[in-house]
Amino acid sequence: MTKNKHKDKKGPLLDVKKLKTYFYTEEGVVHAVDGVDFHIMPGETLAIVGESGCGKSVTSLSVMQLIGQPGEIIEGEIFFNGENLLAKSEYEMCKVRGNQIAMIFQQPSGCLNPVFDIGYQVAEVLEVHQALGEETGRKRAVEWLSKVGIPDAEKKSSAFPHEISGGQAQRVMIAMMLSNLPDLLIADEPTTALDVTIQAQILELMDKMQDQFGTSILVITHDMGIVAEMADRVAVMYAGQIVEQASVFELFDNSKHPYTTALLASIPILGERKEKLSTIPGSVPNLVDLPPACRFAPRCQVRLEKQMTRCTEEMPPLFNVTDNHIARCWVYEDKK
Amino acid sequence: MKNDLLVVENLVKYFPIRGGILQRVQNWVRAVDNVSFTIKKGETLGLVGESGCGKSTTGRTILRLTPQTSGKVWFDNKDLFSLGSSEMKKIRRDLQIIFQDPYSSLDPRMIVGESISEGLRAHGIGTPQERRQIVAETLVRVGLRAEHARRYPHEFSGGQRQRIGIARALTMKPKLIIADEPVSALDVSIQSTVLNLLDELQEEMGLTYVFIAHDLSVVEHISDRIGVMYLGKIVELAPRDDLFNDPQHPYTQALLSSIPIPNPHKRRKRIILEGDVPSASNPPPGCRFHTRCPVAVDRCRIDMPDFEEKIAGHFTACHLVEKI
Ligand SMILES: Nc1ncnc2c1ncn2[C@@H]1O[C@H](COP(=O)(O)OP(=O)(O)OP(=O)(O)O)[C@@H](O)[C@H]1O
Ligand SMILES: Nc1ncnc2c1ncn2[C@@H]1O[C@H](COP(=O)(O)OP(=O)(O)OP(=O)(O)O)[C@@H](O)[C@H]1O
Ligand code: SF4
Ligand SMILES: [Mg+2]
Ligand SMILES: [Mg+2]
């Protein structure tokens, strides 16, 4: 069920190649994003999923070029609409961030200005980007606030950021980003801080926007439920790398990487009660000292069962498992 | 009542909102407003609901960590709220709590062995030697190692710290454990190990759980019966399968349909609720849910629906649900 209405436009909207973003800390070099490739077609939704600390946020912040000290993009290319974003000046990048790419952050704090009411802040975005007059801007702002589930939006629009709850602040930020009608929306755990009934409102809204305007979405989440509901394609990250990438159906029906398979087996699924949940022994590796080996090897049951020695000696590349399905695992070596 | 380990009857907890120069009480937060349920020995009751609906306050009030406004709680056929402090101290051994954030509930300056044996010391149980033995055994029981007793909390991962929190509750050999969002802060792959551990311990030690969480998939996995809370009230309470297969309350129906299912073949039509949960200090009259209810009628805006056993074992508070 691809919502892609722009298949005729050939190239991807976003094309990230061999991205490496490292942090130079006292402890050592943190390989937060360590050679990541992915692309997003116009109108498509790509989900990046993975556990805490695997590099999801750093990936999206790298696309936006919002990596600060001690971090640095040390390698790679990021093409947006065919232009290399890494070659742009900060001024040009600013214009891209405001107009074509919008990002919803995990934490809304810092995105809202404490001295203006929330209606003003949403209206400002509309006025600047859609050249609306002040009055129309304000009216539209109220509409957007009510679309993201702010109750009594007319009245609430004159509230200041400190007068609303964290969940409401998150939704004001979402209203600002969506009302921009960007070509690409990057949503980093957009609903993690929200209750499920509010989350449902926001997901519905993003869905509608995509249908209506053909927006591309990069959604970052650790919730496999959100992945299954939203994504056309999925990239699974583990310890700074993409370990598997496939269409959403292929990934859930036919996962290939031992990590993905184990992760899917470990989640309780509503309405499908399992006697016992599977577990993944051990914990994620430290991103400072990474041996030249499969990063999942210390926790991998498949490696033990198949008694594979290569896993701990050499880093597996991404192998083509089937068409448009890749996995970083030595099991699929002969398929290359 | 004989088999019921815990009976909660019309439990009410209001928090005062003070203001003005004299700090007079100006209003009340109706955190828990007339909540009733029972739990049998060995059973797990799940409490779910969105942020601020009163789940934690229900748990804390039952344990007398915060005084009740009104209502009654019987534990092991004893009227908890009427017990004197020495009797209460005795019974505390049987009632333990596990918190969401195991880090803030562990003293960072204390080695975990001391944290775990704190309850034993307070109740004067065992010699120091015996207490060390109990700590070592319990650590092993929750999947850690005996020598971990000498370490400090910061030396453990989130999942390990949650095991320490569980170990601390277990040393007292409690009858009832109130687990308040015990896995919410953990990564999915770690969540499953802690859930399995809680399951095993229940079987082994005949424990009874109140399991509080906002994640319905997790609650469904672990619970025998589930209560759904909204704005200080339980709106529906039923055996797990009945609640999931045949939800009666419009809020439960919306809540269930809102949960993204990790199966792309099952993309569903969501029931989208409008607006936000009203404030607990100014709840709407009539049914608390009527401001967002897609099927509300005039009566819902005026009369508060009773929480009734509409079907055998299945309680609902909604005017539109017929009693069978
Ligand atoms: N400013 C920084 N300095 C040092 N290390 C950093 C910094 N920001 C991120 N990291 C490290 O980079 C790695 C990836 O972090 P990132 O925030 O991308 O994780 P994530 O996948 O988004 O996790 P979460 O699900 O918890 O949000 C982590 O190991 C993190 O500790
Ligand atoms: N000590 C307190 N003083 C005043 N109000 C309180 C206090 N503790 C809780 N409340 C209020 O009581 C209501 C219920 O809070 P409670 O913590 O029980 O909710 P919860 O269901 O556990 O929510 P969450 O899922 O966010 O943990 C909320 O409106 C909360 O703000
Ligand atoms: S490469 Fe080896 S260790 Fe890594 S996931 Fe595949 S089988 Fe497991
Ligand atoms: Mg992140
Ligand atoms: Mg709580």
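For the structure itself, consult the block above.
One structure accompanies this document, and this report is about it. The model shown is predicted, which means the values in this text are computed figures rather than measured ones. (Residues numbered from 1 in each chain as written. Chains lettered and ligands numbered in written order. Predicted model: local features only at pLDDT ≥ 70, side-chain atom pairs only at ≥ 80, totals over all residues. Heavy atoms only, no water.)

## Structural notes on empty space enclosed by the protein
Argument step 1. In this structure the tally under the stated criterion is five cavities of 30 Å³ or more.
Argument step 2. In terms of lining, the largest cavity is formed by 14 residues, of which the most central are C294, C300, C311, C329 and W330 of chain A.
Argument step 3. Taken together, the residues of the lining of the largest cavity sort by class into twelve nonpolar, one polar and one charged.
Argument step 4. Taken as a whole, the second largest cavity holds about 80 Å³ of empty space.
Argument step 5. Looking at the second largest cavity, it is lined by 13 residues, and the ones nearest its centre are P250, C287, C293, C300 and C318 of chain B. (1 Å grid on protein atoms, 1.4 Å probe; cavity = no way out; pocket = protein on both sides within 12 Å on 5 of 7 lines; lining within 4 Å. Points joined across faces, edges and corners; volume = space filled by probe spheres on them. Nonpolar A, V, L, I, M, F, W, Y, C, P; charged D, E, K, R; others polar.)

## Structural notes on helix α10 (residues 258-266) of chain A
Argument step 1. In terms of residue burial, α10 of chain A counts as a mostly covered element, since seven of its nine residues are buried.
Argument step 2. Within the span of α10 of chain A, buried status applies to P258, Y259, T260, A262, L263, L264 and S266 of chain A.
Argument step 3. Of the surrounding elements, those touching the buried residues of α10 of chain A are α8 (224-230), β9 (233-238), β10 (241-247), α9 (248-253) and α11 (301-306) of chain A together with α6 (188-205) of chain B. (Buried < 20%, exposed > 50% of the residue type's maximum accessible area, 1.4 Å probe, protein only. Helix = DSSP H or I, 4+ residues; strand = E, 2+ residues; numbered from the N terminus. Contact = heavy atoms within 4.5 Å.)

## Some remarks on the packing of helix α3 (residues 118-130) of chain A against helix α4 (residues 134-147) of chain A
Residue and element names in this part refer to chain A.
Argument step 1. With their axes 8 Å apart at the nearest point, α3 and α4 run at an angle of 120° to one another. Compared by their axis directions, α3 and α4 come out oblique. Seen along the crossing, α3 lies across α4 with a hand that is right-handed. Residues I118, G119, Y120, V122, A123, L126, E127 and Q130 of α3 form the contact with α4, whose participating residues are E134, G137, R138, R140, A141, W144 and L145.
Argument step 2. Across the contact of α3 with α4, the residue classes break down as eight nonpolar, three polar and four charged. (Axes fitted to C-alpha atoms, helices over the stretch in contact; angles between N-to-C directions. Parallel < 35°, antiparallel > 145°, perpendicular 65-115°, else oblique. Left-handed = near helix turned anticlockwise from the far one by under 90°.)

## Considerations on the packing of helix α3 (residues 112-122) of chain B against helix α5 (residues 158-170) of chain B
Residues and elements named next belong to chain B.
Argument step 1. Where α3 contacts α5, the two axes come as close as 7 Å, and the packing angle between them is 30°. In terms of orientation, α3 and α5 fall into the roughly parallel class. In the crossing of α3 with α5, the sense of the turn from one axis to the other is right-handed. Along its contact with α3, which presents V112, S115, I116 and E118, the element α5 presents I164, A167 and R168.
Argument step 2. Class assignment for the residues of the contact of α3 with α5 results in four nonpolar, one polar and two charged.

## Here's the deal with the pattern of salt bridges
Argument step 1. Evaluated as defined, the whole model comprises 30 salt bridges over all chains.
Argument step 2. A salt bridge links E44 of chain A to R233 of chain A; its shortest N-O distance comes to 2.8 Å. Of the two residues, E44 of chain A is situated in the loop between β2 (28-40) and β3 (45-49) and R233 of chain A in strand β9; the sequence distance between them amounts to 189 residues.
Argument step 3. Between R240 of chain B and D241 of chain B there is a salt bridge, and its shortest N-O distance comes to 3.1 Å.
Argument step 4. Residue R240 of chain B is classed as buried on the basis of its relative accessible area, which comes to 12%. (Salt bridge = Lys/Arg side-chain N within 4 Å of Asp/Glu carboxyl O.)

## Concerning the site of ligand 2
Residue and element names in this part refer to chain B.
Argument step 1. Ligand 2 sits among F15, V29, A31, S51, G52, C53, G54, K55, S56, T57, E181 and A280.
Argument step 2. Measuring from an oxygen atom of ligand 2, one finds a backbone N or O atom of C53 at 3.3 Å.
Argument step 3. S56 is positioned such that a nitrogen or oxygen atom in its side chain is 2.7 Å from an oxygen atom of ligand 2.
Argument step 4. Protein chains bury 60% of the 630 Å² of accessible surface belonging to ligand 2 in isolation.
Argument step 5. It is helix α1 (residues 55-62) that provides the largest number of residues to the shell around ligand 2, a total of three residues.
Argument step 6. Classifying every residue of the shell around ligand 2 gives five nonpolar, five polar and two charged. (Near = heavy atom within 4 Å. Polar contact = N/O pair within 3.5 Å; in protein donor to acceptor, adjacent residues only side chain to side chain. Areas by Shrake-Rupley, 256 points an atom, 1.4 Å probe, with all protein chains shown as cover.)

Shape is all these values report; function is a separate question.
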